[in-house]
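Next come the chains, spelled out residue by residue.
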Amino acid sequence: MDSSELLQKTAERLSPFETAHLVDFVRHLTVKSALSNPWIVCGFLIIAFYAVVVRSKFVLAALFTTISLLLLIRYTMPAEGDSLNVSSTLPFAFGGLAIGAFLIYLFFIKTE
C-alpha cells in the first residue's frame, strides 16, 4: 500500500469529523439524544474522572450544573406539541433554584 492510498483511506475514515458534519450533528442534537449518545456520556465520564483525580471544585461544579440542567430540561419541559403550563414551569423553576442553591452552598458556605 503506497502513501496515496493510505492518505485516501485516512481521509475517508475521518470524513465524519468534518466541520460541516459536526455542526449538523450539534444543530439536530436534542437533550434526549445527548443523554443517550455514548460519545457525550464518555466525555462526561472522562471530565468527571479528571475532576475527581485533580480534586477541582470548579470542574465538578460545572459538570454537576451541566448534567443537572440537561436532566431538568429533559424531565420538566413539555413535548413538542404541548403548550407550556404551570405544572411544567414550576418544577423547572424550583429545580433551577435548587441547583443554584447547591452551587452557592458549595462555593460560599461550605468550608474544607
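Each value, and the rule that gives it
- Residues numbered from 1 in each chain as written.
- Predicted model: local features only at pLDDT ≥ 70, side-chain atom pairs only at ≥ 80, totals over all residues.
- Heavy atoms only, no water.
- Helix = DSSP H or I, 4+ residues; strand = E, 2+ residues; numbered from the N terminus.
- Buried < 20%, exposed > 50% of the residue type's maximum accessible area, 1.4 Å probe, protein only.
- Contact = heavy atoms within 4.5 Å.
- Areas by Shrake-Rupley, 256 points an atom, 1.4 Å probe, with all protein chains shown as cover.
- Patch = residues over 30% accessible without salt bridge, like charges linked within 9 Å, V, L, I, M, F, W, Y side chains within 5 Å.
- Salt bridge = Lys/Arg side-chain N within 4 Å of Asp/Glu carboxyl O.
- Expected span 1.5 Å × (residues − 1).
- Polar contact = N/O pair within 3.5 Å; in protein donor to acceptor, adjacent residues only side chain to side chain.
- pLDDT = per-residue confidence, 0-100.
- UniProt positions renumbered as here; feature names shortened; annotations may be inferred.

Q: Is there a simple way to explain the overall build of the protein chain in this structure?
A: Broken down by element type, the protein chain carries 6 helices and 0 strands. For the protein chain, the α and β elements follow one another from N to C terminus as α-α-α-α-α-α. The buried share of the protein chain, taken over its 112 residues, is 14%. Sequence-distant contacts, at least 24 apart, represent 43% of the contacts inside the protein chain between residues at least 6 apart. Total accessible area on the protein chain is roughly 9,100 Å²; 69% of this is exposed by carbon and sulfur atoms.

Q: How should I be thinking about a nonpolar patch on the surface in this particular structure?
A: A grouping of F58, F64, F102, I104, Y105, F107, F108 and I109 is seen on the molecular surface, where their side chains present a nonpolar patch of about 870 Å² in accessible area. Elements that contribute at least two residues to the nonpolar patch include exactly α5 (57–76) and α6 (86–109). Here the element with the most residues in the nonpolar patch is α6; it accounts for 6 residues. Tracing the backbone shows F107 in helix α6.

Q: I tried to follow helix α4 (residues 38–54) on my own but got confused; where do I start?
A: Residues spaced three or four apart along an α-helix face the same direction, because each turn holds 3.6 residues. Between its first and last C-alpha atoms α4 spans 24 Å; for 17 residues at 1.5 Å apiece the expected length is 24 Å, and the two agree. Trailing α4 by a residue or two, R55 shows a phi angle of about 60°, which is positive.

Q: Before we go on, may I ask you to explain the side chain of S68 in this structure?
A: Take S68: it is sitting in helix α5. Here F64 takes part through its backbone oxygen, which lies 2.7 Å from a polar atom of the side chain of S68.

Q: Explanation requested: the confidence of the model for the protein chain in the structure shown.
A: For any part of a model where pLDDT is low, the fine detail of the predicted coordinates should not be relied upon. On average, residues of the protein chain carry a pLDDT of 78, and 88% of them reach 70 or more. Taken element by element, the protein chain is modelled with least confidence in helix α2 (residues 19–27), mean pLDDT 70, and with most confidence in α4, mean pLDDT 84.

Q: Explain the environment of T66 here, please?
A: Mapped onto the fold, T66 is located in helix α5. Taking the C-alpha atoms as reference points, T66 and F44, separated by 22 residues in sequence, lie 9.5 Å from one another.

Q: How should the UniProt feature "transmembrane region" (unreviewed entry) in the protein chain be read in this particular structure?
A: Residues given the UniProt feature "transmembrane region" (unreviewed entry) here are residues 34–53, 58–77 and 89–109. Annotation note: span residues 34–53, helix share 95%, strand share 0%, distance between end C-alpha atoms 25 Å. Annotation note: span residues 89–109, helix share 100%, strand share 0%, distance between end C-alpha atoms 29 Å.

Q: Any chance you could explain unusual backbone geometry here in plain terms?
A: Negative phi characterises most residues that are not glycine, and trans characterises most peptide bonds. A positive phi angle, near 60°, is found at R55, a position not held by glycine. When you line up the elements, R55 lands in the loop between α4 and α5. When its relative accessible area of 71% is taken as the criterion, R55 is described as exposed.

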